[in-house]
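# Summary of structural features
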Amino acid sequence: MLLSAALQILSFPLPGLYIFSWIALAPLLVAILHARYPATLQLDESQKLIPASPAQGFLLGYACGVLWYLGTCYWVYDTMHQYGGLSAPVGLLVLLLFALYLGLYHGLFGLAVSLLARADSSYRLALISAPFLWVAVELVRTRVSGFPWDLLGITQIDNIPLTRIATITGVYGLSFEIMLVNAAFAAAFLVHRNKRSTLLLASIGSAALLQTGRWVAMPPSPANHTAVLLQQNLPVAESDAWTTDYFDRTLQEFSALSLNPSPPPRQHPDLIVWPESPAPFQTNDRVFREAISSLARQSQAWVVVGSIGVDNPQTVFNSASLVSASGDWQGRYSKIHLVPFGEYVPFAPVFSFAGGLTQAVGNFTRGTSHAPLQAGDRKLGVFICYESIFPDEVRQLVAQGAQVLVNISNDGWYGDSGAWAQHLNQARMRAVENNRWLLRDTNTGFTASIDPFGRIVAHLNRKTRAALAAPYALIDGTTFYSQCGDWFAYLCAIISLGALVARFTLQRKTES
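Quantities reported herein were computed from a predicted structural model and do not represent experimental measurements.

### Looking at the sheet that holds strand 1 (residues 225-231)
Pairing in this open sheet of 6 strands is mixed, and the strands run 5-4-3-2-1-12 from one edge to the other. Strands with a single pairing partner mark the edges of an open sheet, and in this sheet they are strand 5 (329-334) and strand 12 (466-472). Adjacent strand axes in the sheet meet at a mean angle of 35 degrees, parallel and antiparallel pairs treated alike. Across the face of the sheet, helix 11 (residues 244-259) comes into contact with strand 1, strand 2 (271-274) and strand 12 while running at roughly 145 degrees to strand 2. The strands touched by helix 12 (residues 286-299) are strand 2, strand 3 (302-312), strand 4 (315-323) and strand 5; relative to strand 3, the strand with the most contacts, the crossing angle is about 160 degrees.

This is the structure:
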């Protein structure tokens, strides 16, 4: 269990030892299926240990999940402590509660595996069902917890031939394939030692064959448009610095950078993007509106600008506003999936201690529409910050006609932890699933142009103030996943439920 948690942590950035994903869950499966000694003496010496009880299976999975979240999402502490105004002990408590809650999903997986194994001394049903169970739990984690951070399939984002599966199944198909190999490795350690070497060699061969795609060179993706992506590199918490003079100077500097990216683009940019930002850029501010309109007119390009959408003092949105080349404000996307404790406090009276973080960012209202922004004859699929971790929400933009994806984010909240790289890889997977170029513009980095294979074509270094000339193209066709959504994950959930029902049905028949 400890080994499994460690291998999962190492599979994601910053360690990024992606190759461990093929064996990361095998130790957990072995621990669940070889958990205890039988109550009675067994004549077959190969069956020395039997599967965990349901309670043991849950606890093994739960402990693994808690450790994985503590090791992978450790950045929650820094975010809550540095920017949320929480003391160090309270920040640690929040991280622990966070891990204790999300670890329940690993626990659910362990419980299901132990239930399927109890009536099958060969572990066959449990091992065959494990990939389906894992994907089903990932789906539940996405839909119920609202935090599908680092789904297993994300580890293979640089394995371009393998990620083609995601255009049909979404990232869940990759998670399934990885878990299938993990189940094969687990089986190699559960069978009789006479068969172990053969099954182990077959498992290693399968993992090696699937992993070779990482080194397959793919042709470059054609790009016939250029966007300018501004990386502002503003400190996350500098509310006292925004005097009138500082505000005006900052707008002037950002506009100048947007008009003169370095190196100069080979063709005239038709789109300028400013990121989600800690700056007090409000849509009802006359000075801000005029500065952006002037930038659009000077550049003769459409502008997407991260801003605080203000309808009235009580209704405030985290928004991306669209301004035409003539300087007219023509549309706005308002973030739908807000960050709990970051953009609003759920059950505010209960969690009043986290109000510092909300005050630093804002108490926002949810948006309501996934419709792309119409920029002349093109449709921009805009989403904000951690909305990039939700496969179904991004694919809805493409299903409604988005020809290019635009993700604006303020990754300054993550500091120097591995979260920025984890976030980047998840955004890259959205480009793959939907076969779209992705223009990812962040405040502190990593700002990049990402092609439909998920490759980073151009980028800016982190913590630099600069403007990137980002190549991209408009694409009209849709992938199967863009049209049909999480069908594969739901199929895995149905098969998992069917396996559990079949197991209990067979048990009752045996007992009768």
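### Remarks on empty space enclosed by the protein
A full pass over the atoms with the stated rule returns 3 cavities of 30 Å³ or more. As a volume, the largest cavity reaches approximately 50 Å³. Together, Tyr105, His106, Trp134, Val137, Glu138 and Arg141 line the largest cavity. Mapped by element, the contributors of at least two residues to the lining of the largest cavity are helix 5 (88-117) and helix 6 (124-145). Counting residues per element, the lining of the largest cavity draws most heavily on helix 6, which supplies 4 residues. Residue classes in the lining of the largest cavity are distributed as 3 nonpolar, 1 polar and 2 charged. The volume enclosed by the second largest cavity comes to roughly 40 Å³. As for the second largest cavity, its lining consists of Tyr333, His370, Val382, Phe383, Glu387, Glu393, Val394 and Leu397. Breaking the lining of the second largest cavity down by element, the ones donating at least two residues are strand 7 (378-384) and helix 14 (391-399).

### Some remarks on the sheet that holds strand 9 (residues 438-442)
Backbone hydrogen bonds are what pair the strands of a sheet, in a parallel or an antiparallel way. Spatial strand order, 6-7-8-9-10-11: 6 strands in an open sheet with mixed pairing. What marks the edges here is a single partner per strand, and that holds for strand 6 (373-375) and strand 11 (456-459). Between one strand axis and the next, the sheet turns through 25 degrees on average, direction left out of account. When strand 8 (residues 404-409) meets strand 9, the two strands line up parallel, connected through 5 bridges. Each bridged residue has a counterpart across the sheet, and for Ser409 the counterpart in strand 9 is Thr442. Lying on the sheet, helix 14 is in contact with strand 7 and strand 8; it crosses strand 7 at an angle near 165 degrees. In this fold helix 15 (residues 419-434) packs onto strand 8, strand 9, strand 10 (448-450) and strand 11, with an angle of close to 155 degrees to the strand it touches most, strand 9.

### As for unusual backbone geometry
Here the bond from Ser262 into Pro263 is cis, since omega is -5 degrees, no more than 30 degrees from zero. Secondary-structure assignment places Pro263 in the loop between helix 11 and strand 2. Cis rather than trans, the peptide bond between Gly445 and Phe446 has omega equal to 25 degrees. With a phi close to 55 degrees, Asn233 is a non-glycine residue in the positive phi region. Turning to its location among the elements, Asn233 is positioned in the loop between strand 1 and helix 11. Given the relative accessible area of 24%, Asn233 is considered partly exposed.

### Let's talk about a nonpolar patch on the surface
Taken together, Tyr101, Leu104, Leu108, Val140 and Val144 make up a surface patch of nonpolar side chains, about 400 Å² in accessible area. Taken together, the elements giving at least two residues each to the nonpolar patch come down to helix 5 and helix 6. The biggest single contributor to the nonpolar patch is helix 5, with 3 residues. By the secondary structure assignment, Val140 is in helix 6. Under the relative-accessibility criterion, Val140 is labelled partly exposed at 32%.

### A short note on the nonpolar core
By size, the foremost hydrophobic cluster in this structure holds 125 residues, and its most contacted members are Phe109, Phe147, Leu271, Leu380 and Leu439. With residues near it in sequence (within four places) discarded, Leu271 still touches Thr226, Ala227, Val228, Ala301, Trp302, Val304, Leu380, Leu439 and Tyr472. Residues Val228, Leu230, Leu295 and Val303 belong to the second largest nonpolar core, which totals 22 residues.

### Some remarks on the packing of aromatic side chains
Within the structure shown, the criterion is met by 25 aromatic pairs. Taken together, the aromatic side chains of Phe12, Trp68, Tyr69, Trp75, Phe98, Phe147, Trp149 and Tyr414 make up a single cluster linked through ring pairs. Its end group placed over the ring of Trp329, Arg289 keeps NZ or CZ at 4.5 Å from the ring centre.

Each value, and the rule that gives it
- Residues numbered from 1 in each chain as written.
- Predicted model: local features only at pLDDT ≥ 70, side-chain atom pairs only at ≥ 80, totals over all residues.
- Heavy atoms only, no water.
- Pairing = 2+ DSSP bridges.
- Helix = DSSP H or I, 4+ residues; strand = E, 2+ residues; numbered from the N terminus.
- Axes fitted to C-alpha atoms, helices over the stretch in contact; angles between N-to-C directions.
- Contact = heavy atoms within 4.5 Å.
- 1 Å grid on protein atoms, 1.4 Å probe; cavity = no way out; pocket = protein on both sides within 12 Å on 5 of 7 lines; lining within 4 Å.
- Points joined across faces, edges and corners; volume = space filled by probe spheres on them.
- Nonpolar A, V, L, I, M, F, W, Y, C, P; charged D, E, K, R; others polar.
- Buried < 20%, exposed > 50% of the residue type's maximum accessible area, 1.4 Å probe, protein only.
- Patch = residues over 30% accessible without salt bridge, like charges linked within 9 Å, V, L, I, M, F, W, Y side chains within 5 Å.
- Areas by Shrake-Rupley, 256 points an atom, 1.4 Å probe, with all protein chains shown as cover.
- Salt bridge = Lys/Arg side-chain N within 4 Å of Asp/Glu carboxyl O.
- Core = buried A, V, L, I, M, F, W, Y, C linked by side-chain atoms within 4.5 Å.
- Phe/Tyr/Trp six-rings, centres within 6.5 Å; stacked < 30°, edge-to-face > 60°.
- Lys NZ or Arg CZ within 6 Å of the ring centre and 35° of its normal.

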